[in-house]
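Single-letter residue listing:
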Amino acid sequence: MKFEKKIIPALTIGFFTMLTYSCSKEWLKPQPLSFYEPDIALSDAKGMYSALTACERNMRHEFFGDAPPILTEMIQSDIAVEGTTDKAGPQMDMDIALMPDADLNNNDRTKVGWYWYEGYKGIKYANLIISRIDVAVFKDEQEKNAVLGAAYFQRAYRYFKLVHQFGDVPFIDKEINEPKYDFYSSNRWSILEKLKKDLEFAYQWVPERVDRGRTSKAACGVLLMKVNMALLDFDSAITVGKEIVAMHPLMKNRFTSNKSKPNTNLMFDLHSVEAKLDGANSEGLMYVVSFPGVDGSDRIRTMRNAVPFWNNGGIKTPDGKTGTSIVLAENEQDNSLDLNKNYGRGIGRLRPTWYSTNEIWRKGKEDNDLRGIMNRDSWKTMEDLKYNEPTLKKDGNQWYGKSFVKPVGMSVEDSIRLWFSWPHYKIFVPDPLQTQWEGGETPWYIYRSAEVFLLLAESYYWKNDLGQAAIAMNEVRERAGASKLTAADINIGEILDERARELYYEENRHIELVRIAYTYAKSKKSCEIFGGRTYNLEGISGSGGVNSNIKQEGVNFWYDRVVSKSNFYNKGVKHKWAEYKVSVHHMLWPIPAKAINTNIKGVINQNIGYPGAEKNQIPLLLEAEHNEVKAKT
């Protein structure tokens, strides 16, 4: 089989790297070959796994670096908004920011386009393995199926995101070696049915024990659970979930070297760099990896993105003096004044909503929750920080070393970007190789057992088995120190609140809300948190056509949830550059105009509510689903 040369450069990094042992730094080191020929490189299991590295390493880019794509997933939900208030363009007014011909992959705007292009890049890498699996040589059928299962997972991982972010999208199931301009959108439900079959195969054959950063059986199981839930097959999701948590219990006791450090707790342990490197960590099911000082590594920069911009000069003492500095006063011995190394140097790009910082932490239920704002070790508020500007000490100012006091009359821009609380225990990642600590190298969780328990709880909720839902949720809550829930407490709001408590900066929050929106619409189940409201698949993004940009409750769950919980969207919050706005059709993102316009021999549908949707055609059914439907008929 001839391999198109122009494809090689984009894939080289995947073929030239190998993970050699668990948590090994060799994972990130390029391993140049003296001779390179794709047909040879993909001729056995070693070559295939090396190629899969391109998929696994690209998963890391969603979470790492400045303005990573995961922020867009959080901002397009109920838990956070864009906090950059010093320029026009960031994703605040979605009616402007989310247009098909806008710059959709830009650090200063949005990363919606990143998910489209990187999604299909990962699919391309996975299809290389899938298409060539029968011509490679393996020691036995088990080895072959394990490789194929891992490739199926990687393809399904991208498609699960795409069908919840963009709806009906082109489905590509094979290697493409020449320019192709005749793609057509496929029905999202038929794509999910295909993913289900692929993931059932992967869950059967991918090994349980793998090197850190590789695709595991448990990871295949988590994604299979989500696909089953999206297809309303909750019994199958429960079966898989029970198997996963039986093999991978929660970490309920302190287990890292941090346990002897003051002002830390079990949640610090679980989310520390040490925990993500610890082979005894039974809760971590899949990771992306990065290690200090290794070529090809990256900094996660969580503190830069998610900590307030305390050093922009806007934090003043009550007597009007500049209050903060990265550099400490000469001979300063009080380590609590080192804001840079104690909290990280943030720029407030990810601004949490009142819902996520305060509303979900309730008196009487989360008082002792190690994850919450009432635990002063885990969560930090601006009042925990102290004025440290060296000039204050030099001048003998009374406020030097004292806790911050919110300035009277702080501007809207500064209150958005400079003054909010945050989950320090999860966001803080030491950055010792840098002068300004923004978040260093670390592995990061993709899936944990805690999420599996919450998926189990949600599956039971859809089955109206609220007692079992409470039991599953209490596994997570009791570990964190929160009070137990009863069946009477369970509704979709409680489940989403618990996900917000446990999975901040981990889950694709927008995707999860969209998945639930489709489930309500397909199942016709009444939504108790909105007065028994029901939803429909028809018109789930609005009616389309003229005046399709609507802001009306009752069309889809995603919109209703966001506007009911965010204290920014559609609440009249504005600053000098923008007003926070979101519309019903923003549940699904715009297909980038370039993808549609260059597809000159086919039709990629645009989502309802965006320009170009009037040209849509009925999406294709994948052959497998078509045959099933035909057989039933």
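Because the structure is a prediction, the values reported are computed rather than measured. (Residues numbered from 1 in each chain as written. Predicted model: local features only at pLDDT ≥ 70, side-chain atom pairs only at ≥ 80, totals over all residues. Heavy atoms only, no water.)

Draft legend 1. Summary view of the packing of aromatic side chains. Across all of its chains, the model carries 27 aromatic pairs by this definition. Aromatic side chains Tyr115 and Trp589 sit 5.7 Å apart centroid to centroid with 50° between the ring planes, which places their arrangement in the tilted category. Of the two residues, Tyr115 sits in helix H6 (residues 112–132) while Trp589 sits in the loop between helix H23 (557–565) and helix H24 (593–597), which places them 474 residues apart along the sequence. In terms of burial, Tyr115 and Trp589 fall into one category: buried. Three or more aromatic residues joined by ring pairs form one cluster here, namely Trp114, Tyr115, Trp116, Tyr120, Tyr159, Phe166, Phe171 and Trp589. (Phe/Tyr/Trp six-rings, centres within 6.5 Å; stacked < 30°, edge-to-face > 60°. Helix = DSSP H or I, 4+ residues; strand = E, 2+ residues; numbered from the N terminus. Buried < 20%, exposed > 50% of the residue type's maximum accessible area, 1.4 Å probe, protein only.)

Draft legend 2. The arrangement of helix H20 (residues 466–480) in detail. Relative to the 21 Å expected for 15 residues at 1.5 Å per residue, H20 spans 21 Å between its end C-alpha atoms, a close match to the ideal helical length. Remark: the principal bend of H20, roughly 35°, maps to Asn474. Within the span of H20, buried status applies to Ala469, Ala470, Ala472, Met473, Asn474, Val476, Arg477, Arg479 and Ala480. Those residues of H20 that are buried are in contact with helix H11 (266–271), strand S6 (444–448), helix H19 (449–462) and helix H21 (492–503). Gly481 sits one or two positions beyond H20 and adopts a positive phi of about 100°. (Expected span 1.5 Å × (residues − 1). Bend = angle between axes of the 7 residues up to and from the residue. Contact = heavy atoms within 4.5 Å.)

Draft legend 3. Here's a closer look at the side chain of Arg501. One can find Arg501 in helix H21. A residue is classified by how much of its surface remains accessible, and Arg501, at 1% relative accessible area, is buried. Separated by 2.9 Å, the side chain of Arg501 and the backbone oxygen of Ile360 make a polar contact. Residue contacts for Arg501: discarding those within four places in its chain leaves Ile360, Trp361, Arg362, Glu366, Asp369, Arg371, Tyr425, Arg477 and Glu494. (Polar contact = N/O pair within 3.5 Å; in protein donor to acceptor, adjacent residues only side chain to side chain.)

Draft legend 4. Summary view of the pattern of salt bridges. What the rule picks out here adds up to 56 salt bridges. Taking the shortest distance from any N to any O, the salt bridge between Asp86 and Arg417 comes out at 3.2 Å. You can see Asp86 sitting in the loop between strand S1 (80–82) and helix H5 (94–97) and its partner Arg417 sitting in helix H17 (residues 412–417), a full 331 residues away along the chain. Put simply, Arg533 and Glu553 hold a salt bridge, and the shortest N to O gap is 3.6 Å. With a gap of 20 residues between them, Arg533 in the loop between helix H22 (509–523) and H23 and Glu553 in the loop between H22 and H23 connect regions that are remote in the sequence. What makes Arg533 partly exposed here is its relative accessible area of 24%. For Glu553, a relative accessible area of 47% gives the class partly exposed. (Salt bridge = Lys/Arg side-chain N within 4 Å of Asp/Glu carboxyl O.)

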